[in-house]
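Here is what each chain is made of, one letter per residue.
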Amino acid sequence: AFWVGVSVGGLSSFYSELMKGLGAGSRLWELLEREPELPFNEGTVLNEKSFQGALEFKNVHFAYPARPEVPIFQDFSLSIPSGSVTALVGPSGAGKSTVISLLLRLYDPASGTISLDGHDIRELNPVWLRSKIGTVSQEPILFSCSIAENIAYGADDPASVTAEQIEQAAAVANAAAFIQNFPQGFSTVVGEKGVLLSGGQKQRIAIARALLKNPKILLLDEATSALDAENEHLVQQALDRLMEGRTVFIIAHRLSTIKNANVVAVLDQGRIIECGKHEELLLKPDGMYRKLMNKQSFISA
Ligand code: ATP
C-alpha cells in the first residue's frame, strides 16, 4: 500500500511550524501557502510528565468514505502497551496501512474507539497528537529541498534546530557518512531537482528526521523489498536505535522484526484474529499465523 505518513503530521501543523524554518520563495513554501481547512489546533493536550504512549483500539469499525460498502475493520481490537513493540502482519489488502491512517487521524472510525493513555484520540488536539507520533514509511517522502531541511522537518520547531542537532541525528541514523560525501554535504538538494538517493539512503534520512522529532510513539511501515546488504544492515541498525524506549507499532515484512517483537498481531478479515509471541503463534497447528508464514514471504535478512 502507498502510505504517505512521513513525519510530523497534518499539513496544518506542517504549515504553521515549518514555514518559520523556510526561506521565502522556497518551492515548499509555495506548495503549502494555503490555510488549513480544519480547526486543527484544538482539543485536549495530555500532561507531558505522565504521558505514557499506550494505544488501544476497541471494537473499531471502519470503511473508507469512498467505498462505504467495503468494511475494512469489523470489531477490530488491539492493545499496544507503552514501550512495547507490536508487529502487525496480515495478507495484502487486509488493512495494515489503514491502522496507521486511523492512528494519525487521517480518518476516524465509524464506531468503536481508539485511545491514547485511555483518552479517545478524537478528543485530543490533533497537532499535539501528531507531535507525539513519529513515522517511517517504506517509501519515505523527501521534499525538494536540502538534506538538512528534510531532517529538520521532523522537529516540533524546525526553525530552532541547530546544525549540530541535524548532524547528530544523521550520525545515529547511519546517514552522516553518505551525506558528507556529497560536495555540498547537508546543503545538498534532494529530489527531482537535486541528487537522487537510493531507497536505503532515503530511509536513513527519514530515520534521522524521526530521531530529531523524538516521539514517544513510533509507527513503522517496513520495506517490502530487501535492500542491498550494506544498506540493509545500516537501515536496520538505525531503526533499532530509533525504536529504543518508544511505543512501537510496525507493519512487519521481515522475519527478524517479527521474532523480536513483544507481540505479533495477525490481521485478517477486518479484525485481529491472533495475538502473541512469534513462537507461541507458530504452535497453533491450524492458526492463520502458520498459514501466513508458509504463504507469505517475509524478508529473512
Ligand atoms: P498491503 O499489505 O498490500 O500494503 P494493507 O494490509 O496495508 O495492504 P491497506 O492499504 O490498509 O491494506 O488497504 C486495505 C483496503 O482498503 C484495500 O482493499 C485498499 O484497496 C483499500 N483502500 C486503501 N486506501 C483506500 C482509500 N483511500 N479509499 C478507498 N479504499 C482504500
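Residues numbered from 1 in each chain as written. Predicted model: local features only at pLDDT ≥ 70, side-chain atom pairs only at ≥ 80, totals over all residues.

(A) Structural view of the sheet that holds strand β4 (residues 111–116). Taken in spatial order, the four strands line up as β2-β1-β4-β5 in an open sheet, and their pairing is antiparallel. The sheet is open, and its two borders are formed by β2 (71–80) and β5 (119–120), each paired with just one other strand. Of the strand pairs in this sheet, β4 and β5 are connected by two bridges, and their pairing is antiparallel. Note that in β5 the partner of Ser115 across the bridge is Asp120. On top of the sheet, helix α3 (residues 96–103) reaches β1 (55–63), β2 and β4; it is set at about 110 degrees to β1, its chief contact. (Pairing = 2+ DSSP bridges. Helix = DSSP H or I, 4+ residues; strand = E, 2+ residues; numbered from the N terminus. Contact = placed C-beta atoms within 7 Å. Axes fitted to C-alpha atoms, helices over the stretch in contact; angles between N-to-C directions.)

(B) Region of interest: the nonpolar core. In terms of nonpolar packing, the biggest core is built from 71 residues, with Ala87, Leu88, Ile151, Ile207, Ala208 and Ile250 touching the most fellow members. When residues in this core are grouped by element, the largest group, seven residues, is from helix α8 (residues 199–213). If sequence neighbours within four positions are ignored, Ala208 has contacts with Ile151, Ala169, Ala170, Ala173 and Ala175. (Core = buried A, V, L, I, M, F, W, Y, C linked by C-beta atoms within 7 Å. Buried ≥ 20, exposed ≤ 12 C-beta atoms within 10 Å, placed from the backbone.)

(C) Quick peek at the packing of helix α6 (residues 163–172) against α8. Contact geometry for α6 and α8: axes closest at 8 Å, N-to-C directions at 125 degrees. The angle between α6 and α8 falls in the class oblique. Between α6 and α8 lies a crossing whose hand is right-handed. Every residue of α8 that contacts α6 at Gln165, Ala169, Ala170 and Val172 is listed here: Ala208, Leu211 and Leu212. Partitioned by chemical class, the residues of the contact of α6 with α8 number six nonpolar, one polar and no charged. (Parallel < 35°, antiparallel > 145°, perpendicular 65-115°, else oblique. Left-handed = near helix turned anticlockwise from the far one by under 90°. Nonpolar A, V, L, I, M, F, W, Y, C, P; charged D, E, K, R; others polar.)

(D) Spotlight on the sheet that holds strand β8 (residues 247–251). Spatial strand order, β6-β7-β8-β3-β9-β10: six strands in an open sheet with mixed pairing. Strands at the two margins of the open sheet, each flanked by one partner only, are β6 (133–136) and β10 (271–276). Direction aside, the axes of adjacent strands within the sheet are offset by 20 degrees on average. Alignment of strand β3 (residues 85–89) against strand β9 (residues 263–268), held across four bridges, turns out to be parallel. Its bridge partner lying in β9, Val89 is registered against Val266. Here α3 sits on the sheet and contacts β3, β6, β7 (217–221), β8 and β9; the angle it forms with β7, its principal contact strand, is near 150 degrees.

(E) Geometry of unusual backbone geometry. Even without being a glycine, Asp117 presents a positive backbone phi close to 50 degrees. Relative to the helices and strands, Asp117 is located in the loop between β4 and β5.

(F) The packing of α8 against helix α9 (residues 229–243), seen in detail. At their nearest, the axes of α8 and α9 sit 10 Å apart, and the two run at 15 degrees to each other. Classed by the angle they form, the pair α8 and α9 counts as roughly parallel. When the axes of α8 and α9 are compared, the crossing they make is left-handed. Touching Gly200, Gln203, Arg204, Ile207, Ala210 and Leu211 of α8 are Asn231, Leu234, Val235, Ala238, Leu239 and Leu242, all from α9. Grouping the amino acids of the contact of α8 with α9 by side-chain chemistry returns eight nonpolar, three polar and one charged.

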